[in-house]
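# Descriptive structure summary
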Amino acid sequence: NAGVMQNPRHLVRRRGQEARLRCSPMKGHSHVYWYRQLPEEGLKFMVYLQKENIIDESGMPKERFSAEFPKEGPSILRIQQVVRGDSAAYFCASSPEAGGTEAFFGQGTRLTVV
Amino acid sequence: GESVGLHLPTLSVQEGDNSIINCAYSNSASDYFIWYKQESGKGPQFIIDIRSNMDKRQGQRVTVLLNKTVKHLSLQIAATQPGDSAVYFCAENIGGNNRLAFGKGNQVVVIP
């Protein structure tokens, strides 16, 4: 049973370009969470999704950021018109249930905006 | 507001000794807590969890203690090994939907 798979592991984008980060949850998990980690800081919650639904996006910036988890395929975190401040590690986690259960994390995508 | 914070930024420990990492939380409504270990360049790795109806939980070489009165969480690692060198985060479950609030992390350095 493969763990949470994220790709790409590293992504370099020029300012103004779009970044697409993909996350495939563990088999049997229908709950996906995206977190952002700045250097030497803890992870910050961004968004919580179930299949085809955004449940909680209270941690998402209001502009340029969007997330989806379609019926088929991985969850996508999309950042439009990237800026230097978007450079960070983005982690995806999945869990089989909504609360009070272990969330498994992927290895992350390290986004560098140049 | 919600916040989870760690008391000590760096802990140096001799190999074979026990390690204790502390964490304070402020949301008294939180009912589920997790300790994660993060090695350089990797994602957080689950270590142990505890629910608010418990005071103590033990795993393999690790023990988590929860003191709800003072909103304090600790992780004890027995017989620390070089492979335990990492950053340790406590996380608090917010809102019962697995949205986690993480502390800033505590670096543990094991001295051989």
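Scroll up a little and you will see the structure.
This is a predicted model, so every value here is computed, not measured. (Residues numbered from 1 in each chain as written. Chains lettered and ligands numbered in written order. Predicted model: local features only at pLDDT ≥ 70, side-chain atom pairs only at ≥ 80, totals over all residues. Heavy atoms only, no water.)

Time to look at the overall build of chain B. Counting its secondary structure elements, chain B contains zero helices and eleven strands. Going from N to C terminus, chain B has its helices and strands arranged as β-β-β-β-β-β-β-β-β-β-β. Taking the principal axes of its C-alpha atoms as reference, chain B extends roughly 40 × 30 × 20 Å. When burial is assessed residue by residue, chain B has 44% of its 112 residues classed as buried. Counting contacts in chain B only where the partners sit at least 6 residues apart, residues at least 24 apart contribute 52% of the total. Total accessible area computed for chain B in this model is approximately 5,300 Å², and 46% of it derives from carbon and sulfur atoms. (Helix = DSSP H or I, 4+ residues; strand = E, 2+ residues; numbered from the N terminus. Buried < 20%, exposed > 50% of the residue type's maximum accessible area, 1.4 Å probe, protein only. Contact = heavy atoms within 4.5 Å. Areas by Shrake-Rupley, 256 points an atom, 1.4 Å probe, with all protein chains shown as cover.)

Attention now goes to the environment of A:Leu21. All names here are of chain A. Here Leu-21 shows up in strand 3 (residues 19–24). Between the C-alpha atom of Leu-21 and that of Leu-77, which follows or precedes it by 56 residues, the distance is 5.1 Å. If we ignore the near neighbours within four places in the chain, the residues touching Leu-21 are Asn-7, Leu-11, Trp-34, Ser-75, Ile-76, Leu-77, Tyr-90 and Thr-109.

Each side of the interface is counted separately: chain B has 19 residues, and chain A has 25 residues. Carbon and sulfur atoms supply 48% of the area buried between chain B and chain A, which totals about 1,700 Å² over both sides. Counting across the interface, chain B meets chain A through one salt bridge. The closest approach of N and O atoms between A:Asp56 and B:Arg99, which form a salt bridge, is 3.8 Å. Mapped onto the side of chain B that touches chain A, the elements with two or more residues apiece are strand 4 (32–38), strand 5 (45–51), strand 9 (86–94) and strand 10 (99–102) of chain B. In terms of residue class, the side of chain B that touches chain A is made up of seven nonpolar, eight polar and four charged. (Buried area = accessible area lost by both parts, 1.4 Å probe. Salt bridge = Lys/Arg side-chain N within 4 Å of Asp/Glu carboxyl O. Nonpolar A, V, L, I, M, F, W, Y, C, P; charged D, E, K, R; others polar.)

Attention shifts here to the state of the cysteines. Throughout the structure, instances matching the rule amount to two disulfides over all chains. The partner cysteine of A:Cys23 in its disulfide is A:Cys92, sulfur to sulfur 1.8 Å. Of note, the bridge from A:Cys23 to A:Cys92 carries an S-S torsion of about -55° and is left-handed in sense. Residue A:Cys23 is located in strand 3, and its partner A:Cys92 is located in strand 9 (residues 88–95); the two are separated by 69 residues in the primary sequence. When sorted by exposure, A:Cys23 lands in the same class as A:Cys92, which is buried. The disulfide partner of B:Cys23 is B:Cys90, and the S-S distance across this bridge is 1.8 Å. Negative torsions about the S-S bond denote left-handed disulfides, and the value of about 55° found for B:Cys23 with B:Cys90 makes this one right-handed. One end of the pair, B:Cys23, is in strand 3 (residues 19–25); the other, B:Cys90, is in strand 9, and 67 residues separate them in sequence. On the basis of relative accessibility, which here comes to 1%, the residue B:Cys90 falls in the buried class. (Disulfide = S-S within 2.5 Å.)

Before going further, it helps to examine unusual backbone geometry. Following A:Asn7, the chain continues to A:Pro8 via a peptide bond in cis, the omega torsion being -5°. Structurally, A:Pro8 can be placed in the loop between strand 1 (5–7) and strand 2 (10–13). Despite not being glycine, A:Arg64 shows a phi value in the positive range, around 75°. Secondary-structure assignment places A:Arg64 in the loop between strand 6 (53–56) and strand 7 (65–68). Given the relative accessible area of 25%, A:Arg64 is considered partly exposed. Of note, the phi angle at B:Lys71 is positive, near 55°, even though the residue is not glycine. Structurally, B:Lys71 is set in the loop between strand 7 (62–67) and strand 8 (72–77).

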